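# Architecture at a glance
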Amino acid sequence: MKDKKRKKPSDRPGRRIPAPAEDLRGRPSREASGTGFPARRGWLMVAGVLAAAAAVLLVYAPALNGPFVFDDQYLPFFSPKFAQQSLYMATKGVRPLLMFSFWINNRWAGTEPYTYHLWNVLAHLVNAVLVFLIARKILAAARAGEGRREWLAAFAGAVFLLHPVQTESVAYVASRSENLSALFYFAAAAVFLYRKRAAIGWLSAVAVIALYGAAVTTKEHTITLVAFLLLTDYFWNPGFTFEGIRRNWRLYVPLAAAAAAGAALVYQLVRGAVTAGFNVEGLPWYDYLYTQFRALWVYLRLFVFPVGQNADYDYPISRGLFDRSAILGLAGLVLLVGSAWYFRKRYPLAAFGVLGALLLFLPTSSVVPIQDAVAERRLYLPMLALVFIPLEPLSRWKAKPLSLASVTGCVLAVLALLCYQRNQVWASDIALWEDVAAKSPRNSRAHFQLGVAYYQAGRCPDAARHYELAWKLGKPDYRLLLDWALAEDCLNRPRQALEKLHQAAAMRRTGHVYALIGMIHGRQKQYAEALEALATAEKIDPKEDMLYFYRGNVYAATGESAGALEQYRRALALNPGNDMARRAIARLQSRGAR
């Protein structure tokens, strides 16, 4: 009787042994190497990129053709001085490459929003291609999906491209730091994976370090690249050993020094910040950590089930480990990490996705407080790792190619539809903040911003109503009172407008608030009161350009054309972008004033 052939460990069902180190050397072949396409497949790559470009332009069309929203209007390029700055002056501060991109946009189209949105969308497209290349290489290293590896890698890239949770990072110009920093991050990972030998050479190491520096100086959360590459080497070079890490010392030694410098930079930036760092009012690091034990599950749920998205979650803070079930979130995370580690050899793609994603979440979802406890843009970078989780079951599924294409195609169609709908929300300030207010009716900031959007659209009654709601729901806010006063003035209710402005002045005595008080009095033909308020504004802040414009209006109304002209010129000298002062000068000069 013949002995039965004993199966080797690598042949046992349910267990996949990752490829040897040679699979990360980039040897040309049809499947195993994953380094470059054979010539006959080159056209497929081109066709795929063109299809991806068409898809992303279609699903992002509403926001692509929309205006600037929310904080976009506070970006540096809205300052009249930005257009006059040299490249050096525009980029000499923090995040120089981000400022360089805005400088290019500004030189190209001023403050016309389409080109800014287009830049974001194109960067997102490049990132999706890089995700495809990274997934393709790791699938080869894992020996997963033989015969359909290209399709699975394309699916990973397409999920990254079309997932609706990415909308905030792409449609929101102020979030360009997310997708631009990710571009450098992903490019560094691609250079690392597509090196010619298992041990990285000096040239490739220098390229990775340069891209890492570009990423960190574009947004600081990309400091995790070192840890992500270490995890990649451990999993796939050659597989669950430290051999690959040791042989890549040429990269890790200088990269560790760069990471230390990056950490020092991050510390300097957050040390004095008020919206992120250890000085966020009322949010100590430990309460933020407790909150993130719950928030991370929000992110994971959004990846799997992207409904109920919100631009401003107003997420409640856990003031202790047992507050708002923070301990359950922690227990779930411990179980998730433990399971990923325990099953890392049996389900390496899923384990790599889980551990890699949690690693990439660390800078924003651990101990460094950020004013907004939950923000969808924080999913953008970890999406690189999350896409490997569904690749695990898909790579094991022994379905026919048509069945695989049908299932993945349906998933992508649903994601594309949801992404298009989400972009419709981001297509205007009114749509965005109506959506937030409907989902978070007790969110003071949502009502405040909706009031601003209504006021800018000329819907003053709606603006005043939402300002009042914001005041009742939130803390006393100087800026809210100013905007509320302008809405009351728009409704021809000067008494209520002045009440709000005097209340604001009691909170913060600024030249701006007294200039507005002068403006309201001037419109009511209370010229003595107007000039008194404007004189106070000038004492507080003589560089407040609008006070001279309002004083010019008073002089013009009382027939003092020469005095009015002088005031308008002073306003224009302080702010060359003051178009109202420029028009007023032209109007007086057309009447013969000199």
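## Comments concerning helix α13 (residues 285-304)
With 20 residues, α13 should cover 28 Å at 1.5 Å per step; its first-to-last C-alpha distance of 29 Å lies within 8% of that length. At Phe293, α13 shows its largest bend, some 35°.

## Observations concerning the packing of aromatic side chains
With the rule as written, the count across this model stands at 32 aromatic pairs. Judged by centre distance (6.3 Å) and plane angle (85°), the ring pair of Tyr185 and Phe186 falls under edge-to-face. A single burial state applies to Tyr185 and to Phe186, both of which are buried. Measuring from centroid to centroid gives 5.7 Å for Trp202 and Trp249, while their planes differ by 85°, and the two rings are edge-to-face. Placement of Trp202 in helix α9 (residues 202-216) and of Trp249 in helix α12 (residues 249-271) is noted, with a sequence separation of 47 residues between them. Here Lys500 stacks its cationic end above the ring of Trp484, 4.5 Å away from the centre of that ring. Positioned above the aromatic ring of Tyr478 is the side chain of Arg508, whose terminal nitrogen or guanidinium carbon lies 4.3 Å from the ring centre.

## Quick look at the state of the cysteines
For the coordinates displayed, the defined rule picks out one disulfide. Linked covalently through their sulfurs, Cys460 and Cys490 form a disulfide whose S-S length is 1.9 Å. The sign of the S-S torsion, about 80°, decides the handedness of the disulfide formed by Cys460 and Cys490: right-handed. One end of the pair, Cys460, is in helix α21 (residues 460-473); the other, Cys490, is in helix α22 (residues 478-490), with 30 residues separating them in the sequence. Exposure remark for Cys490: the relative accessible area of 42% places this residue in the partly exposed category. No disulfide involves Cys410; its nearest neighbouring cysteine sulfur is the one of Cys419, lying 18 Å away. A residue is classified by how much of its surface remains accessible, and Cys410, at 52% relative accessible area, is exposed. For Cys419, a relative accessible area of 0% puts it in the buried group.

## A word on the environment of Cys460
Classification of Cys460 by relative accessible area gives buried; the value is 3%. Put simply, Cys460 and Tyr550 are 90 residues apart on the chain and 22 Å apart in space, counted from C-alpha to C-alpha. Each residue touching Cys460, except ones within four places of it in the same chain, is listed here: Tyr455, Ala487, Cys490 and Leu491.

## Here we look at the side chain of Ser101
Relative to the helices and strands, Ser101 is located in helix α4 (residues 96-109). Since its relative accessible area comes to 1%, Ser101 is described here as buried. The contacts of Ser101, once residues within four sequence positions are left out, are Trp119, Arg176 and Leu180.

## Description of the layout of surface pockets
Approximately 680 Å³ is the volume attributed to the second largest pocket. Lining the second largest pocket are 29 residues, with Gly48, Phe132, Glu150, Ala154 and Phe155 sitting closest to its centre. Secondary structure elements with two or more residues in the lining of the second largest pocket: α1 (42-59), α5 (113-141), α6 (149-162) and α18 (401-425). Among the elements that make up the lining of the second largest pocket, the one with the highest residue count is α6 (nine residues).

## Topic: the confidence of the model for the protein chain
Per-residue confidence for the protein chain averages 90 on the pLDDT scale, and 91% of its residues sit at or above 70. Counted against residues more than four places away or in other chains, residues 1-22, with its pLDDT under 50, gives 40 contacts. Overall, residues 25-37 carries pLDDT values under 50, and its contacts beyond four positions in sequence, including any with other chains, amount to 41 contacts.

The rules behind these values
- Residues numbered from 1 in each chain as written.
- Predicted model: local features only at pLDDT ≥ 70, side-chain atom pairs only at ≥ 80, totals over all residues.
- Heavy atoms only, no water.
- Helix = DSSP H or I, 4+ residues; strand = E, 2+ residues; numbered from the N terminus.
- Expected span 1.5 Å × (residues − 1).
- Bend = angle between axes of the 7 residues up to and from the residue.
- Phe/Tyr/Trp six-rings, centres within 6.5 Å; stacked < 30°, edge-to-face > 60°.
- Buried < 20%, exposed > 50% of the residue type's maximum accessible area, 1.4 Å probe, protein only.
- Lys NZ or Arg CZ within 6 Å of the ring centre and 35° of its normal.
- Disulfide = S-S within 2.5 Å.
- Contact = heavy atoms within 4.5 Å.
- 1 Å grid on protein atoms, 1.4 Å probe; cavity = no way out; pocket = protein on both sides within 12 Å on 5 of 7 lines; lining within 4 Å.
- Points joined across faces, edges and corners; volume = space filled by probe spheres on them.
- pLDDT = per-residue confidence, 0-100.

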